[in-house]
Amino acid sequence: MGQLERLLLMAEDELTQYSTDARKKEKLRQKIALSVSRAEQQQIKETLLAEMPTDGLAKLVETQRQTVALPLWGIAGLGLLLGISFMQPVDFLATILGSAGAIAVQKWGWSLQARRLLIDTLEELEQRMKGDRPD
């Protein structure tokens, strides 16, 4: 596992904690400062910035993943309801596709949010390093 994947897993782990964004960044910043050199930090940041999608849908999913996935969950529930009440096996296809789509959107949003947390943390760490340096 490379440094980028390891840092992304650490960022996703921080997302699971119930705390403020500032606290998540602080905890992540401590872990990064101890385990990753400054050159690697810069390289990882550049890689993440290059990989981050910039279109409107990606930004929407990053910030509102549950809202975007909600209609897909509705389709899944409606398919289940109609499949059971009308005994139509074809309606269960909507349940399967809606659930799969909703889960895919949720996972994509989670990944984008972890990447954004990591980018923000690396930028803050870079700013602190520049601020600590005597000129």
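Residues numbered from 1 in each chain as written. Predicted model: local features only at pLDDT ≥ 70, side-chain atom pairs only at ≥ 80, totals over all residues. Heavy atoms only, no water.

For soluble globular proteins, the rule of thumb is that nonpolar side chains tend to be buried together. Formed by 24 residues in total, the largest nonpolar core has its most connected members in Leu-7, Leu-28, Ile-32, Ile-44, Leu-48 and Leu-118. Counting only elements with at least two residues in this core, the list comes to α1 (3–15), α2 (21–35), α3 (38–51), α4 (56–63) and α6 (91–132). Counting residues per element, this core draws most heavily on α6, at 9 residues. Among residues more than four places away in sequence, those in contact with Leu-28 are Met-10, Ala-11, Glu-14, Leu-117, Leu-118 and Thr-121. (Core = buried A, V, L, I, M, F, W, Y, C linked by side-chain atoms within 4.5 Å. Buried < 20%, exposed > 50% of the residue type's maximum accessible area, 1.4 Å probe, protein only. Helix = DSSP H or I, 4+ residues; strand = E, 2+ residues; numbered from the N terminus. Contact = heavy atoms within 4.5 Å.)

What follows covers the confidence of the model for the protein chain. Fine structural detail should not be taken from predicted coordinates in areas where pLDDT scores are low. Mean pLDDT over the protein chain: 91, with 96% of residues reaching 70 or higher. Between the elements of the protein chain, mean pLDDT differs from a low of 91, seen in α2, to a high of 94, seen in α4. (pLDDT = per-residue confidence, 0-100.)

Evaluation of the coordinates by the stated rule reveals 11 salt bridges. Its salt-bridge partner being Lys-25, residue Asp-120 comes within 3.9 Å of it at the nearest N-O pair. A residue pair is termed long-range when its members are at least 10 positions apart, and Asp-120 in helix α6 and Lys-25 in helix α2 qualify at 95 residues. You can call Asp-120 partly exposed: its relative accessible area is 22%. Accessibility expressed as a relative area gives 16% for Lys-25, which makes it buried. When salt bridges that share partners are traced, they join Lys-25, Glu-26, Arg-29, Asp-120, Glu-124 and Arg-128 into one network. (Salt bridge = Lys/Arg side-chain N within 4 Å of Asp/Glu carboxyl O.)

Let us look at the environment of Glu-51. As for its position among the elements, Glu-51 is in helix α3. Taking the C-alpha atoms as reference, Glu-51 lies 16 Å from Gly-2; in sequence the two are 49 residues apart. A polar contact of 2.8 Å, which involves the side chain of Glu-51, links it to the side chain of Arg-115. (Polar contact = N/O pair within 3.5 Å; in protein donor to acceptor, adjacent residues only side chain to side chain.)

Residues Leu-57, Leu-60 and Trp-108 make up a contiguous nonpolar surface patch of roughly 280 Å² in combined accessible area. Locating Leu-60 in the fold gives a position in helix α4. Using a relative accessible area of 42% as the deciding quantity, one classes Leu-60 as partly exposed. (Patch = residues over 30% accessible without salt bridge, like charges linked within 9 Å, V, L, I, M, F, W, Y side chains within 5 Å. Areas by Shrake-Rupley, 256 points an atom, 1.4 Å probe, with all protein chains shown as cover.)

Next up on the list: the side chain of Thr-95. With respect to the helices and strands, the residue Thr-95 is situated in helix α6. On the basis of relative accessible area, Thr-95 is assigned to the buried category, the value being 14%. Of note is the side chain of Thr-95, whose polar atom sits 2.7 Å from the backbone nitrogen of Leu-80. If we ignore the near neighbours within four places in the chain, the residues touching Thr-95 are Ala-76, Gly-79 and Leu-80.

This part takes up unusual backbone geometry. With a phi angle near 55°, Met-87 is a residue other than glycine that sits in the positive phi range. Within the element layout of this structure, Met-87 appears in the loop between α5 (65–85) and α6. Take Met-87: its relative accessible area is 71%, and that puts it in the exposed class.

Bringing the packing of α1 against α2 into the picture now. Relative orientation of the contacting elements α1 and α2 amounts to 155°, with a least axis distance of 10 Å. Taken together, the axes of α1 and α2 lie roughly antiparallel to each other. Crossing angle aside, the handedness with which α1 passes α2 is right-handed. Contacts between α1 and α2 involve Gln-3, Arg-6, Leu-7, Met-10, Ala-11, Asp-13, Glu-14 and Leu-15 from the first element and Lys-24, Lys-27, Leu-28, Lys-31, Ile-32 and Ser-35 from the second. (Axes fitted to C-alpha atoms, helices over the stretch in contact; angles between N-to-C directions. Parallel < 35°, antiparallel > 145°, perpendicular 65-115°, else oblique. Left-handed = near helix turned anticlockwise from the far one by under 90°.)

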